[in-house]
Amino acid sequence: MLNRGDAETQRENQLTEKIIGCAIEVHKSLGPGLLESAYEECFCYELNQQGLSFDAQLLTYLKLYKRPIGLLMNFNVPTLKSGIKRLVNQFQELSAPPRLGGE
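Residues numbered from 1 in each chain as written. Predicted model: local features only at pLDDT ≥ 70, side-chain atom pairs only at ≥ 80, totals over all residues. Heavy atoms only, no water.

Enquirer: Tell me about the overall build of the protein, residues and numbers included.
Expert: On a plain count of helices and strands, the protein comes out with three helices and two strands. Seen in sequence order, the protein has helices and strands lined up from the N terminus as α-α-α-β-β. For the protein, buried positions account for 21% of its 103 residues. Taking the intrachain contacts of the protein between residues at least 6 apart in sequence as the baseline, contacts between residues at least 24 apart amount to 53%. (Helix = DSSP H or I, 4+ residues; strand = E, 2+ residues; numbered from the N terminus. Buried < 20%, exposed > 50% of the residue type's maximum accessible area, 1.4 Å probe, protein only. Contact = heavy atoms within 4.5 Å.)

Enquirer: Give a detailed account of helix 2 (residues 36–49), specifying residues and quantitative values.
Expert: In this model helix 2 runs 20 Å from its N-terminal to its C-terminal C-alpha over 14 residues, within 8% of the 20 Å that 1.5 Å per residue would give. In the segment just after helix 2, Gly-51 is the residue with positive phi, at about 75°. (Expected span 1.5 Å × (residues − 1).)

Enquirer: Go over the nonpolar core with me, naming the residues and quoting the values.
Expert: In terms of nonpolar packing, the biggest core is built from nine residues, these being Cys-22, Ala-23, Val-26, Tyr-39, Phe-43, Leu-47, Leu-52, Phe-75 and Leu-80. Looking at this core, the elements with two or more residues in it are helix 1 (4–30) and helix 2. Apart from residues no more than four positions distant in its own chain, Leu-47 is found in contact with Ile-19, Cys-22, Leu-52 and Phe-54. (Core = buried A, V, L, I, M, F, W, Y, C linked by side-chain atoms within 4.5 Å.)

Enquirer: Quick rundown of the packing of aromatic side chains? Include the residues and the values.
Expert: According to the stated counting rule, one finds three aromatic pairs in the structure shown. For the pair Tyr-39 and Phe-75, a centre-to-centre distance of 4.9 Å together with 10° between the ring planes defines the contact as stacked. Of this pair, Tyr-39 sits in helix 2 while Phe-75 sits in the loop between strand 1 (69–73) and strand 2 (84–88), and the two are 36 residues apart along the sequence. Summarising the burial analysis for this pair, Tyr-39 and Phe-75 share the class buried. With a centroid separation of 5.7 Å and 10° between ring planes, the pair formed by Tyr-61 and Tyr-65 is classed as stacked. For Tyr-61, a relative accessible area of 27% corresponds to the partly exposed category. Ring pairing ties together the aromatic residues Tyr-39, Phe-43 and Phe-75, which thus form one cluster. (Phe/Tyr/Trp six-rings, centres within 6.5 Å; stacked < 30°, edge-to-face > 60°.)

Have a look at this one:
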């Protein structure tokens, strides 16, 4: 039986796999060497097709929303595997994201 921490880790790993799968599809289709905006547009499309929401500015969002994991991707590499970095945010507890704008 999985405890809450194990279940959360499993959920994060499944989500990470889904995101990386989207990135691989984009990289397979476009290859390396294009402008960042081309990859961004196609990657956003793929994420939307999978029903995944997303934001930019990884480190800021990891801290503000107390998210445990983020992915940085460099599409300008021969194989996407070498262009993916998984960042882990260091914090003690998972909680609801803070309300922005004084709400």
